[in-house]
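Analysis of the macromolecular model
Residues per chain, in single letters:
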Amino acid sequence: MTSFVETPPKAAATGKTTTRVELLDAVYNACPSLSRAQARELFEMTLEEIVGALLRDDPVKLRAFGAFNLRAKRERIGRNPRNGVAAKIDARKVLTFKASPTLIARVNGWTAPAVDDD
């Protein structure tokens, strides 16, 4: 069992959002043998693979991080909360994310549960 006791991320304390550029920089810094263009290509290919799987209605499971799924929602009648007028809400797909127990534990500074063998 791995124990994760880390300080909260700096972004949480400042209210700052991590951006795509910062993620690209992290990939570039983690792999010094890659050029910036190669790091960007690797990052973009990873995101495209995730999107492609979701477009095929395949769930995306990243061990120790979480799972992305698409869920179909049926057409229904909703109400405008301001004036109460009924309105049709079209059928659609929604993207859901369920964090893994390991990610939840790390975010809360708890001891992470053992990682399963997915």
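Preceding this section is the structure that the text describes.
Residues numbered from 1 in each chain as written. Predicted model: local features only at pLDDT ≥ 70, side-chain atom pairs only at ≥ 80, totals over all residues. Heavy atoms only, no water.

A short note on the overall build of the chain
Which entries qualify depends on this criterion: Elements are defined by DSSP. Helices are runs of H or I of four residues or more, strands are runs of E of two residues or more, and each kind is numbered from the N terminus. Throughout, a contact is declared for two residues whenever any of their heavy atoms are within 4.5 Å. Only the protein chains shown count as cover for residues, and all accessible areas are computed by the Shrake-Rupley method using a 1.4 Å probe.
What the chain contains, in helices and strands, is four helices and five strands. Counting from the amino terminus, the chain carries its helices and strands in the arrangement α-α-α-β-β-β-β-β-α. Considering only residue pairs separated by 6 or more positions, the chain has 40% of its internal contacts joining residues 24 or more positions apart. Summing over all exposed atoms, the chain offers an accessible surface of approximately 9400 Å²; the carbon and sulfur share of this is 57%.

A look at a nonpolar patch on the surface
Stated precisely, the cut-off is as follows: Residues enter patches when they are more than 30% accessible in relative terms and free of salt bridges; like-charged ones are connected within 9 Å and nonpolar ones (Val, Leu, Ile, Met, Phe, Trp, Tyr) within 5 Å. Salt bridge, as applied in this entry: a Lys or Arg side-chain nitrogen positioned within 4 Å of an Asp or Glu carboxyl oxygen. Think of it in three bands: residues with accessible area under 20% of the maximum for their type are buried, residues over 50% are exposed, and the middle band is partly exposed, with areas taken using a 1.4 Å probe on protein chains only.
A surface patch of nonpolar side chains, amounting to about 250 Å² of accessible area, comprises L62, F65 and F97. Under the relative-accessibility criterion, F97 is labelled partly exposed at 39%.

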